[in-house]
Amino acid sequence: MQNKPDFKRELRCLAWGLLAAALAVLACCWTGYDLTDRLSELASYTLINDDYTQYADLTEQGLTQLVPVPAGEPVYGVRLKFDTHNTAYPAGEVQVELLTQAGQSLGAVRRDYRDIIGDVFVAFPLEDAYIPAADETLTVRITATQPWPGVVSLWCSAEEKDGMPLYSGNTAVGATLAVQQITAYAGQWPMRKALQLALPLGLGAFLAAWLLRRRAALPWVTAAVALCLGCAFVQVTPALTAPDEYTHLAVCYEKASRLSAQPTQGQDGKLLLRECDAPYFGTKTGKIGVLAYKQADTARRTQPGSPNVTTVTGAPSAGQSGNGYYAPQVLGILLARVLGKNFYTMLAYGRMANLLVYALLAALAVALAPKAAQGILTAAALLPMPLQLAGSLSPDALLIGLVFCYLALCLRLRTHKAAAWELVLLAVLAAVNAPNKAIYLPAVLLCLMIPPQNLLAGTAGKTAVLRGHLWQAGVLGLAAASWCAANLGTALRFFGSHAGLGSAAALLIGAVAAACVLAVLCAFARCRRRNTEKRFWLVFALGVLAAAAAVFAVARRMPVPTPEMMVERLPNGESPYYYTVPYACHYVTVTLKMLVRSAVEQSPLWLQGILGTTLGEPIVYRIDVSWLIGLGLVLALAVAALPVQGSTPLLGRHTAWGVAGTVLCVVCAAVVVSMSWTPLSYTVLFGLQGRYLLPMLPAVLLPAKNAKGIFVPRDTAYPACAAVSTLTLLTILQGFGLYAGWQGAL
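Residues numbered from 1 in each chain as written. Predicted model: local features only at pLDDT ≥ 70, side-chain atom pairs only at ≥ 80, totals over all residues. Heavy atoms only, no water.

S.K.: Talk me through a positive patch on the surface; I want residue IDs and the actual numbers.
M.R.: Taken together, the side chains of K8, R12, R213, R215, K371 and R714 define a basic patch exposed on the protein surface. For K371, the location among the structural elements is in helix 8 (residues 371-381). (Patch = residues over 30% accessible without salt bridge, like charges linked within 9 Å, V, L, I, M, F, W, Y side chains within 5 Å. Areas by Shrake-Rupley, 256 points an atom, 1.4 Å probe, with all protein chains shown as cover. Salt bridge = Lys/Arg side-chain N within 4 Å of Asp/Glu carboxyl O. Lys, Arg positive; Asp, Glu negative; His and termini not counted. Charge placed at Lys NZ, Arg CZ, Asp CG, Glu CD. Helix = DSSP H or I, 4+ residues; strand = E, 2+ residues; numbered from the N terminus.)

Here's what the structure looks like:
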């Protein structure tokens, strides 16, 4: 007999969802109100006439000023300079109306005696911009809609400027008002934007509360909440301000051009673009601030698109390297170009495609993981940083999703015999994960946590263990081959420039290293069959120490910059030489001081980068949300990792140490690569950001499931995921306020 649905419980869950949605919408409205109250008068101006020689009195007939405006330049109104001759009048009002060359009114703005006191600039802004399609002369009509008790004057020039006559009534004055054109104006736009955010954030809050209260499957929770909150990040992150987004855009754009059989490179080696895209492509991080926000939104709504024909030479260089991790973004950008969309719509298409694939991969990872690990993966997937990356053009989002899937599958195969599709998926994920950044190559070692007897069904005893180890070795070999196929040339250039090795020597060392890894795996398998694992780990530790000593001895014989060379400086004050392996081995004390100082000074920023409480490109803009949100996210992750009383540990003791060692390998690889970017004149590491370590975050939390003496009576996955979702929502709202409130961006 089927259980009848509990309607009261369903209604309670629905009520919780509606309450969460209402609170999210209320938070959006408050954010919009607060920003509008603080930023509504923010504007930027262009000088049209800056001559303040004499006065033109405002009479009953009013004043009329003609103002030329070039094509394509937004007009939000004008700013004039008034003078009440040291008098504060108790009454009076001025109206300024703008008219097109055809006589159509663009709008009228009024200011009264409270705004016009003494010698003062007064702006008369319109809420929406007028953008002329061709060069045009606008009419500015100034009238006193309420009488003034005394004389009110406007500053003007002593003679008429070219094409800008001033009239009093119908009589030419022979002068030109001192006038400034308002080219950007915040107005009520922050509230409009906040109301736009209310839809994805309200829906995300509803789904999170409703699904989590219903104890729905966590894969569905992950997909739904990630899509909603990610859509909010797509809207909140200003164009080209996500980490390295301008570089990712150039790569995706070039790949889309190739797919659509369009030329990609001009004669000067620069990237060829569509006509509508050329003004917005750059080689640096985009602008932020409420005015930049509004300009981008206005351009998205009003600017026309172009056919998918690349004819204009842009600023980025063509031929930038990229890999398959750009596939979703490329397809999104290609679709927008085929449909003839403008630049900002094209950027949104690319971001949305990236977000969609990340949400699917994150949900797949949670579905693959055993139940005890699903809370950790869901909480990690819903952090602000992965969602921010997914809501941009960054390929790191796809990488994070794939690493999560690989880890989840390895955990899954610890619990049962592998099916054929699981073995194939394990090999595919290892091969797909490997070709990206070299620092993540050690992550493929996570397959060693799988008991070898679980890898091949239908076998038992020592034969199953041996075949399982052979399958693990095959997975690692496939990953290594995949990485070499994609990155061998880059790796050889890296070793040649930063380790002082030639290509032949680097290949030889790589071959020896691969042979050593294979030998270690074979020795481990043999020792495991003979129950002599302790002897193996002792020999292995001695071997690692011997290898490190050999590397140190060889590096000490390699050339390094001389003291005279180390004092050289580039025009920007930086050293032309970088930390390399030979330099680190020659100057161990200096290198250790630099690393310790980096850990002390930058570890809070690295933690922010992992969590996502620092937004955008931190090297350019420091957009840091409240430390309380960061603390809450750390606590939520810790709660998600708490073991349940009476549950079976996810990892054995030796496996937990192996996972920790794998994480340590990734961290060390990231540090070594960052050292190669760090000039010798720097006292801390340059370029190491917390987001580089984000794919390994669930692996860091897994050993906590083995903790003894710390446990909870029931699973904490759902409360932890609710907390992470709430804090991510707050990060989005505060990030929007910080982005909009940034001054000096234009």
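Having seen it, we continue.
S.K.: Talk me through the pattern of salt bridges; I want residue IDs and the actual numbers.
M.R.: In total, this model carries 20 salt bridges according to the counting rule given. Across the pair R38 and D34 runs a salt bridge, and its minimum N-O distance is 3.2 Å. Placement of both R38 and D34 in helix 1 (residues 7-39) is noted, with a separation of four residues, approximately one turn of the helix. For D34, a relative accessible area of 27% translates into the label partly exposed. In the salt-bridge network here, residues are joined through shared partners; they are E127, D128, R192 and K294. (Buried < 20%, exposed > 50% of the residue type's maximum accessible area, 1.4 Å probe, protein only.)

S.K.: Describe the packing of helix 10 (residues 396-412) against helix 11 (residues 420-433), naming the residues involved and giving the relevant values.
M.R.: Packing of helix 10 against helix 11 leaves a shortest axis separation of 10 Å and a crossing angle of 145 degrees. Judged by the twist between their axes, the crossing of helix 10 over helix 11 is left-handed. Contacts between helix 10 and helix 11 pair L399, L402, V403, C405, Y406, L409, C410 and R412 from the former with W421, E422, L425, L426, L429, A430, V432 and N433 from the latter. Among the residues forming the contact of helix 10 with helix 11, the class breakdown is 13 nonpolar, one polar and two charged. (Axes fitted to C-alpha atoms, helices over the stretch in contact; angles between N-to-C directions. Left-handed = near helix turned anticlockwise from the far one by under 90°. Contact = heavy atoms within 4.5 Å. Nonpolar A, V, L, I, M, F, W, Y, C, P; charged D, E, K, R; others polar.)

S.K.: Please provide a residue-by-residue account of the packing of helix 7 (residues 343-368) against helix 10, values included.
M.R.: Remark: helix 7 packs on helix 10, axes separated minimally by 8 Å, with the N-to-C direction vectors making an angle of 10 degrees. By the angle between their axes, helix 7 is roughly parallel relative to helix 10. The segment helix 7 lies against helix 10, with N354, V357, Y358, L361, L364, A365, A367 and L368 engaging A397, L398, I400, G401, L402, F404, C405, A408, L409 and R412. (Parallel < 35°, antiparallel > 145°, perpendicular 65-115°, else oblique.)

S.K.: Give me the lowdown on the state of the cysteines, citing residues and values where you can.
M.R.: Scanning the model with the defined rule gives zero disulfides in all. The cysteine C668 is free of any disulfide, with C665 supplying the nearest cysteine sulfur at 6.6 Å. (Disulfide = S-S within 2.5 Å.)

S.K.: Describe helix 4 (residues 245-259), and please don't skip the residues or the numbers.
M.R.: The end-to-end C-alpha distance of helix 4 is 21 Å, a good match for the 21 Å that 15 residues give at a rise of 1.5 Å each. Where the residues of helix 4 are buried, they touch strand 13 (270-273), strand 14 (312-317), helix 6 (327-338) and helix 7. Phi for A261, located one or two positions after helix 4, is positive at around 60 degrees. (Expected span 1.5 Å × (residues − 1).)

S.K.: Pulling in residues and values, what's your account of the packing of aromatic side chains?
M.R.: In the structure shown here, the tally under the stated rule is 18 aromatic pairs. Seen from their ring centres, Y55 and W155 are 4.4 Å apart, and the 45 degrees between their planes marks the pair as tilted. Remark: W155 occurs in strand 9 (residues 153-156) and Y55 occurs in strand 2 (residues 54-57); sequence separation between them is 100 residues. We classify Y55 as partly exposed; its relative accessible area is 35%. Relative to Y344, the ring of Y280 has its centre 5.0 Å away and its plane inclined at 65 degrees; by these criteria the two rings are edge-to-face. In this pair, Y280 sits in the loop between strand 13 and helix 5 (290-302) while Y344 sits in helix 7, placing the two residues 64 residues apart along the sequence. (Phe/Tyr/Trp six-rings, centres within 6.5 Å; stacked < 30°, edge-to-face > 60°.)

S.K.: Talk me through the nonpolar core; I want residue IDs and the actual numbers.
M.R.: In this structure, L201, Y406, L426, M449 and F736 are the most contacted members of the largest nonpolar core, which totals 140 residues. Ranked by residue count, the leading element in this core is helix 10, at 14 residues. Not counting the four nearest positions on each side in its chain, L201 is found in contact with A24, C28, L229, A232, L729, I732 and L733. (Core = buried A, V, L, I, M, F, W, Y, C linked by side-chain atoms within 4.5 Å.)

S.K.: Break down unusual backbone geometry for me, with residues and values.
M.R.: In the Ramachandran plot, H85 falls in the positive-phi region, its phi being about 60 degrees despite a non-glycine side chain. Here H85 is to be found in the loop between strand 4 (75-83) and strand 5 (93-99). Phi angles above zero are rare outside glycine, and N86 is one such case at about 60 degrees. By secondary structure assignment, the location of N86 is in the loop between strand 4 and strand 5.

None of the figures reported here should be taken as evidence of function without further support.
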